[in-house]
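If you want the building blocks of each chain, they are given just below.
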Amino acid sequence: MFEKKKVWLGVGSVLATTVAASQVTAAPLTQPGAAPSMFMAAPMAEGEMAAPEIDLNTNDTAFLAQLGFIRGHLWVGMKLYEQGHIEMAKTHMKHPGDELYSGLTEAFEARGLPGFAEPLNTLAESVINDKNEGTVMSNYKALLDSISANEPIADMSAKDVILSVSSMLMVAADEYAIGIQNGEITNVHEYQDAMGFKEIALERLNRINDKEAEKAEEAISETRKVISNLENLWPTTTPEGEFEGDPSKIYGAASRIELEARSI
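Read on for a plain summary of the structure.

## Things to note about helix 8 (residues 133–148)
For an α-helix, 3.6 residues make a turn, and residues three or four places apart therefore share a direction. Between its first and last C-alpha, helix 8 extends 23 Å over 16 residues, near the 22 Å set by a 1.5 Å rise per residue. Those residues of helix 8 that fall on the buried side of the exposure criterion are Val136, Asn139, Tyr140, Leu143 and Ile147. The buried side chains of helix 8 occupy one side of the element, clustering within an arc of 105 degrees when seen end-on. Elements in contact with the buried residues of helix 8: helix 4 (60–82) and helix 7 (117–128). The N-cap of helix 8, judged by a side-chain oxygen 3.1 Å from the amide nitrogen of glycine 134 a few residues on, is asparagine 132.

Written out as structure tokens, the structure reads:
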């Protein structure tokens with residue numbers, strides 16, 4: 001199974017492009033076309049933490065994206081759980097704590113936040129140990145509340161939230177490209193991760209505060225359209241065998257959304 005050791009250097013590469021992107025005029029998000037070369041050339045590298053230039057203690061955009069990856073794992077894990085794919089669900093419940101949460105502990109402390117290690121572990125244990133559905137769902141709700149208490153999204157500008165959305169989609173594209181190769185499903189777990197990241201990226205738009213949402217109404221609407229147009233890339237949570245999927249569409253969506261954010 002391909003681990004998420006690559007995730008944060010990928011996000012660092014995306015965020016590092018924003019200075020260059022600010023020099024580019026944003027095209028309409030619904031306009032077709034491939035991602036600008038500055039995005040397609042962003043290098044991926046192995047590493048469990050953010051690239052050195054990304055400080056999770058102070059960078060709300062990167063911090064929100066990291067929390068979004070945790071939410072994405074949990075979202076797809078619970079979707080699989082609800083559909084009866086319990087063994088698959090267990091793998092997604094385990095990964096947020098093993099791969100992502102440990103990299104946030106310093107940031108929680110620096111920001112004066114409580115974190116959510118206990119409810120994260122409680123949910124994982126309840127799924128892995130086959131607790132009853134009522135217990136699992138109750139634990140999931142408690143965990144989501146705990147994550148929300150640590151997120152800076154209510155105080156963030158629409159621009160920064162949308163930049164975080166772009167970062168999430170760029171990593172989703174990387175995951176999707178691992179999951180689908182040469183017209184076949186090669187790693188269903190990575191395909192599922194990409195699905196979860198996409199869903200959370202879309203959900204983020206609903207949580208932009210009212211003042212910022214009004215100011216950036218057009219950008220938010222266009223961003224929502226672009227993400228919604230990716231839906232057909234995930235027709236099911238559990239594909240098998242031959243599968244026509246195109247990660248370049250996700251890369252393109254990520255880049256167009258980043259440019260739109262820069263236009264606010």
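## Quick look at the environment of glycine 179
With respect to the helices and strands, the residue glycine 179 is situated in helix 9 (residues 158–179). Between the C-alpha atoms of glycine 179 and alanine 194, which are 15 residues apart in sequence, the distance is 8.8 Å. The contacts of glycine 179, once residues within four sequence positions are left out, are Glu184, Ile185, Thr186, Asn187, Glu190 and Tyr191.

## Examining the packing of helix 9 against helix 12 (residues 217–228)
Packing of helix 9 against helix 12 brings their axes to within 11 Å, and their N-to-C directions diverge by 15 degrees. Overall, the two elements helix 9 and helix 12 adopt an arrangement that is roughly parallel. The interaxial crossing formed by helix 9 with helix 12 has left-handed handedness. Residues Ile162, Val165 and Leu169 of helix 9 form the contact with helix 12, whose participating residues are Ala219, Ile220, Thr223 and Ile227. Split by residue class, the contact of helix 9 with helix 12 holds 6 nonpolar, 1 polar and no charged.

## Points about a negative patch on the surface
Taken together, the side chains of Asp210, Glu214, Glu217 and Glu218 make up a negatively charged region of the molecular surface. Contributing elements (two or more residues each) for the negative patch: helix 11 (210–215) and helix 12. Considering the arrangement of structural elements, one finds glutamate 214 in helix 11.

## Considering the pattern of salt bridges
Considering all chains together, one arrives at 13 salt bridges under this definition. Linking arginine 262 and glutamate 258 is a salt bridge whose minimum nitrogen-to-oxygen distance equals 3.9 Å. On the criterion of helical spacing, the pair formed by arginine 262 and glutamate 258 is a turn pair, its members being 4 residues apart in helix 13 (residues 247–262). For arginine 262, a relative accessible area of 26% translates into the label partly exposed. For glutamate 258, a relative accessible area of 1% translates into the label buried. Salt bridges here are not isolated pairs; linked through shared partners, they connect Arg71, Glu151, Glu203, Arg204 and Arg207.

## Re the side chain of arginine 204
Structurally, arginine 204 is set in helix 10 (residues 188–204). Note on arginine 204: relative accessible area 1%, which makes it buried.

Rules used throughout
Residues numbered from 1 in each chain as written. Predicted model: local features only at pLDDT ≥ 70, side-chain atom pairs only at ≥ 80, totals over all residues. Heavy atoms only, no water. Helix = DSSP H or I, 4+ residues; strand = E, 2+ residues; numbered from the N terminus. Expected span 1.5 Å × (residues − 1). Buried < 20%, exposed > 50% of the residue type's maximum accessible area, 1.4 Å probe, protein only. Arc of directions from axis to C-beta. Contact = heavy atoms within 4.5 Å. Polar contact = N/O pair within 3.5 Å; in protein donor to acceptor, adjacent residues only side chain to side chain. Axes fitted to C-alpha atoms, helices over the stretch in contact; angles between N-to-C directions. Parallel < 35°, antiparallel > 145°, perpendicular 65-115°, else oblique. Left-handed = near helix turned anticlockwise from the far one by under 90°. Nonpolar A, V, L, I, M, F, W, Y, C, P; charged D, E, K, R; others polar. Patch = residues over 30% accessible without salt bridge, like charges linked within 9 Å, V, L, I, M, F, W, Y side chains within 5 Å. Areas by Shrake-Rupley, 256 points an atom, 1.4 Å probe, with all protein chains shown as cover. Salt bridge = Lys/Arg side-chain N within 4 Å of Asp/Glu carboxyl O. Lys, Arg positive; Asp, Glu negative; His and termini not counted. Charge placed at Lys NZ, Arg CZ, Asp CG, Glu CD.

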